[in-house]
Amino acid sequence: QVQLVESGGGLVQAGGALRLACTAAIRPDIRDTVGWFRQAPGKVRAFVAAITWRAGSTHYADFVKGRSTISRDNAKNTVYLQMNRLQPEDTAVYYCAAATWVRMVVWRTSDYWGQGTQVTVSP
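What you see is a predicted model, and the numbers here were worked out from it, not measured in a lab. (Residues numbered from 1 in each chain as written. Predicted model: local features only at pLDDT ≥ 70, side-chain atom pairs only at ≥ 80, totals over all residues. Heavy atoms only, no water.)

## Observations regarding the packing of aromatic side chains
Line of reasoning, step 1. Inspection of the entire model under this criterion finds 2 aromatic pairs.
Line of reasoning, step 2. Look at Phe37 and Phe47: their rings are 5.6 Å apart centre to centre, the planes differ by 80°, and that puts the pair in the edge-to-face class. With a gap of 10 residues between them, Phe37 in strand β4 (residues 33–39) and Phe47 in strand β5 (residues 46–52) connect regions that are remote in the sequence.
Line of reasoning, step 3. On the basis of relative accessible area, Phe47 is assigned to the buried category, the value being 3%.
Line of reasoning, step 4. With 4.9 Å between their ring centres and 70° between their planes, Phe37 and Trp113 make a pair best called edge-to-face. Taken as a pair, Phe37 in strand β4 and Trp113 in strand β10 (residues 112–113) lie far apart in primary sequence, 76 residues in all. (Phe/Tyr/Trp six-rings, centres within 6.5 Å; stacked < 30°, edge-to-face > 60°. Helix = DSSP H or I, 4+ residues; strand = E, 2+ residues; numbered from the N terminus. Buried < 20%, exposed > 50% of the residue type's maximum accessible area, 1.4 Å probe, protein only.)

Structural data, given as structure tokens:
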């Protein structure tokens, strides 16, 4: 069973930063990748970033590349997403996700989802 719990969302002004956290309860299996998706009102859920537990391999969507960093603390079973220079278009519900690398990075989907945490960026 996989349980994902997000935290760290909130309200920031444009140009600000947030660090999201996802605490995962994961039994070792092929779903070795944890990442983040986001969904704004009226929009489809979009892939943001991913990281593997074992090797720490990362992949980012183009729209966050260079201003976001995904990392993990295996001892705490926690994945972080540091987001800098946030803009109003980053406003969305951010979901932690777990899947295989191929499903998340290639297919841009996931098998398990957290409850989501709201990120709101004001002008």
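## Quick word on the nonpolar core
Line of reasoning, step 1. Trp36, Ile70, Leu81 and Tyr94 are the most contacted members of the largest nonpolar core, which has 34 residues in total.
Line of reasoning, step 2. At the level of elements, β1 (2–7), β3 (18–26), β4, β5, β8 (78–83), β9 (92–99), α1 (101–106) and β11 (117–122) are the ones that each hand at least two residues to this core.
Line of reasoning, step 3. Discounting residues that sit within four places of it in the chain, Tyr94 has contacts with Glu6, Leu20, Trp36, Phe37, Arg38, Val48, Met83, Gly116, Thr117 and Val119. (Core = buried A, V, L, I, M, F, W, Y, C linked by side-chain atoms within 4.5 Å. Contact = heavy atoms within 4.5 Å.)

## Points about a nonpolar patch on the surface
Line of reasoning, step 1. On the surface, a cluster of nonpolar side chains totalling about 360 Å² of accessible area is made up of Val102, Val106 and Trp107.
Line of reasoning, step 2. Structurally, Val106 can be placed in helix α1. (Patch = residues over 30% accessible without salt bridge, like charges linked within 9 Å, V, L, I, M, F, W, Y side chains within 5 Å. Areas by Shrake-Rupley, 256 points an atom, 1.4 Å probe, with all protein chains shown as cover. Salt bridge = Lys/Arg side-chain N within 4 Å of Asp/Glu carboxyl O.)

## As for the state of the cysteines
A covalent bond between the sulfur atoms of two cysteines is referred to as a disulfide.
Line of reasoning, step 1. Per the stated rule, a full pass over the model turns up 1 disulfide.
Line of reasoning, step 2. Each sulfur of the disulfide joining Cys22 and Cys96 lies 1.9 Å from the other. Across the disulfide from Cys22 to Cys96, rotation about the S-S bond amounts to roughly -80°, and the bridge is consequently left-handed. One end of the pair, Cys22, is in strand β3; the other, Cys96, is in strand β9, and 74 residues separate them in sequence.
Line of reasoning, step 3. When its relative accessible area of 0% is taken as the criterion, Cys22 is described as buried. (Disulfide = S-S within 2.5 Å.)

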